[in-house]
Amino acid sequence: MGSAIRLLFWDNGAGGCALGLGAILEWHQPQVWSVSTMDKVPVEVVPGVYMFEVPFLPGLGQDDMTGTLCYLIKQQDGWLLVDTGYNHDHPYSAFRRHLDTLGVPIEDIRWVFVTHYHPDHSGLAGRIRSASGARVIMHMDDWSIMQYAVGAGEVWTLDGLVEWAKTLGVPANELGQFYDTASFGRTLFPSGLEPDVVLEGEENPVGDVGGGLRAILTPGHSPGHVCLYDEERKLLFSGDHVLVGITPHISPSHLTSYNQLGQYLDALRKVRDLEVDMVLPAHQRPFNYLARRVDEILDHHRVRLEEMITALTDRPMSPWELAPRVTWDVGSWDDMDATNRVLAVRETLAHVELLESRGRVSAIEDEGLNKFRLCSPGQ
Ligand SMILES: [Zn+2]
């Protein structure tokens, strides 16, 4: 092992304290990893688990979201890698540097566990597989979507997307941008990749038999998002399902099933009470208060749902009409660029579908448009 490996540091409001090798120190206090130690070297989280950041491409990312946090977990035979980074030379050389620092030959990676299909997680899986012979693991419900992105050029298709966007009320002059945003990152996916292990159902053991690692299906951010739970060491590799400072984007599309947000909230409750000492997410920083963080995210959506109800009336509205009537972190609707509008409209749809599933809102088809209106009390 190289000497540049760091131990774990936490922010405790007093300049940070070392929690080397997983020693328990003020463990009952909510703790977030110190930003100052999120630097360019791998970190030993607990014995046999290393974390390092694979940077986004230059120009992508912001503030404390600058890359993908990847984890190496020691197996009886070699290592299991959790998530990768965008398929691009810049992140790949950073990934190889981290392995060199750790003294881990790439051939020793036996498994690549992809939490979800987005290219900042799956992107390098193909290159790593080619270089190491590792088996790539992902869930069927994401593989069925990623197939569109990793096939040969002519297979890359978002057939149906534009037609679907029209039903949300997206006007003709914004449809092009809608398509561009949805197809962002085509080249950053692992071209030609076929996973070796396709998970199905709710829970699956992964890695070496007896290794104690369990994949848990947590749909919402993507349909087949999976967290990895290490029950023995009480670690949750949470992917983008639970992050410390942001809520993951819930973005229904023509390829997803009904009520992604409802599925997401259920999947939050599913992990809430797991015995977890440390949440190891794919972005930002690790932290140790899973249940509290889940409650914060549930609260966030409760407030958003109320806001949608206030904005809705008994006049049916398309998601495109409703989105400008609620507030957005990125600013007012009029100032939003087309990309953010796409995200806002899809996020709005996610919320009204959940309200519809709860009987608060009813959906009406109106001349090809999907509209929603508030159910009157008692209805
Ligand atoms: Zn991500």
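Our subject is the structure that appears above.
Only a predicted model underlies this, so the values are computations on that prediction, with no experimental measurement involved.

Enquirer: Go over the overall build of the protein with me, naming the residues and quoting the values.
Expert: Each helix and strand in the protein was counted, giving ten helices and 17 strands. Residues counted as buried form 44% of the 379 residues belonging to the protein. Sequence-distant contacts in the protein: of pairs separated by 6 or more residues, those separated by 24 or more amount to 67%.

Enquirer: I'd like to hear about the nonpolar core, residue by residue, with values.
Expert: With 95 residues, the main nonpolar core has Tyr 71, Leu 81, Val 112, Phe 113, Leu 228 and Leu 236 as its most contacted residues. Looking at this core, the element that brings in the most residues is helix α10 (residues 338–357), giving eight residues. Taken domain by domain, the makeup of this core includes at least three residues from each of domain 1 (9–302) and domain 2 (305–374). The residues touching Phe 113, leaving out its near neighbours within four places in the chain, are Leu 80, Leu 81, Val 82, Ile 137, Val 206 and Leu 228.

Enquirer: How would you sum up the pairing of strand β5 (residues 49–55)? Please name residues and give values.
Expert: Burial analysis of β5 places six of its seven residues in the buried class, which makes it a mostly covered element. Bridge analysis of strand β4 (residues 43–46) against β5 gives three bridges, and the strand direction is antiparallel. Looking at the pairing, Val 43 lines up with Met 51 of β5.

Enquirer: I'd like a rundown of the environment of Asn 288, residues and numbers included.
Expert: With respect to the helices, strands and loops of the structure, Asn 288 is situated in the loop between β15 (278–281) and α8 (290–311). On the basis of neighbour count, Asn 288 is assigned to the buried category, with 23 C-beta atoms found within 10 Å. The spatial distance from the C-alpha of Asn 288 to the C-alpha of Val 244 is 9.6 Å, given a sequence separation of 44 residues.

Enquirer: Describe α10, and please don't skip the residues or the numbers.
Expert: Helix length check: α10, at 20 residues, gives a terminal C-alpha distance of 29 Å against a target of 28 Å (1.5 Å per residue), a fit within 8%. Of all the 20 residues making up α10, 14 are buried; the element is thus mostly covered by neighbouring parts of the structure. Of the residues flanking the end of α10, it is Gly 359, one or two places downstream, whose phi is positive at about 80°.

Enquirer: Can you break down the packing of helix α6 (residues 172–182) against α10 residue by residue, with the values?
Expert: The contact between α6 and α10 brings their axes to 9 Å, and the two run at 80°. As summarised for this structure, α6 and α10 are arranged roughly perpendicular, according to the angle between their axes. Along its contact with α6, which presents Glu 174, Gln 177, Phe 178 and Thr 181, the element α10 presents Ala 338, Thr 339, Arg 341 and Val 342.

Enquirer: Give me the packing of helix α7 (residues 260–272) against α10: which residues, what numbers.
Expert: Axis separation between α7 and α10 bottoms out at 7 Å; the angle between their running directions is 80°. As judged from the angle between their axes, α7 and α10 are roughly perpendicular. Here Gln 260, Leu 261 and Gly 262 of α7 come into contact with α10, specifically with Ala 350, His 351, Glu 353, Leu 354 and Ser 357.

Enquirer: Residues and numbers for α8, please.
Expert: In a regular helix each residue adds 1.5 Å, so 22 residues correspond to 32 Å; α8 covers 32 Å between its end C-alpha atoms and thus fits that length. Considered for burial, the residues of α8 that qualify are Leu 290, Arg 293, Val 294 and Met 308. Buried residues along α8 cover an arc of 105° about the axis, so they all sit on one side. Across from the buried face of α8, at angles greater than 90 degrees, the exposed residues are Ala 291, Arg 292, Asp 299, Arg 302, Val 303, Glu 306 and Thr 310. Close packing links the buried residues of α8 with β14 (235–239), α7, β15 and α10.

Reading the values: the criteria
- For every chain, the first residue of the written sequence is number 1, and numbering continues from 1 along that sequence.
- Only residues with pLDDT of at least 70 are given local features in this predicted model, and only at 80 or more are side-chain atom pairs given and counted; all residues enter the totals for whole chains, interfaces and linings.
- Secondary structure elements follow DSSP: runs of H or I no shorter than four residues count as helices, runs of E no shorter than two count as strands, and numbering proceeds from the N terminus.
- With C-beta atoms placed from the backbone, a residue is buried if 20 or more other C-beta atoms are within 10 Å of its own, exposed if 12 or fewer are, and partly exposed between those counts.
- Two residues qualify as a contact pair if the distance between their C-beta atoms, derived from the backbone, is within 7 Å.
- Each nonpolar core comprises buried Ala, Val, Leu, Ile, Met, Phe, Trp, Tyr and Cys residues, the members being joined through C-beta atoms within 7 Å.
- Domain extents, as shown, originate in an automatic or database domain assignment.
- The pairing criterion for strands is at least two bridges between them, as found by DSSP.
- Expected helix span is given by 1.5 Å per residue-to-residue step, counting one fewer step than there are residues.
- Between the N-to-C directions of two axes lies an angle of 0 to 180 degrees, each axis being a line fitted to C-alpha atoms and, for a helix, fitted only over the stretch in contact.
- Roughly parallel here means an angle under 35 degrees, roughly antiparallel means over 145, roughly perpendicular means 65 to 115, and every remaining angle is called oblique.
- This arc corresponds to the set of directions leading from the helix axis out to the C-beta atoms.

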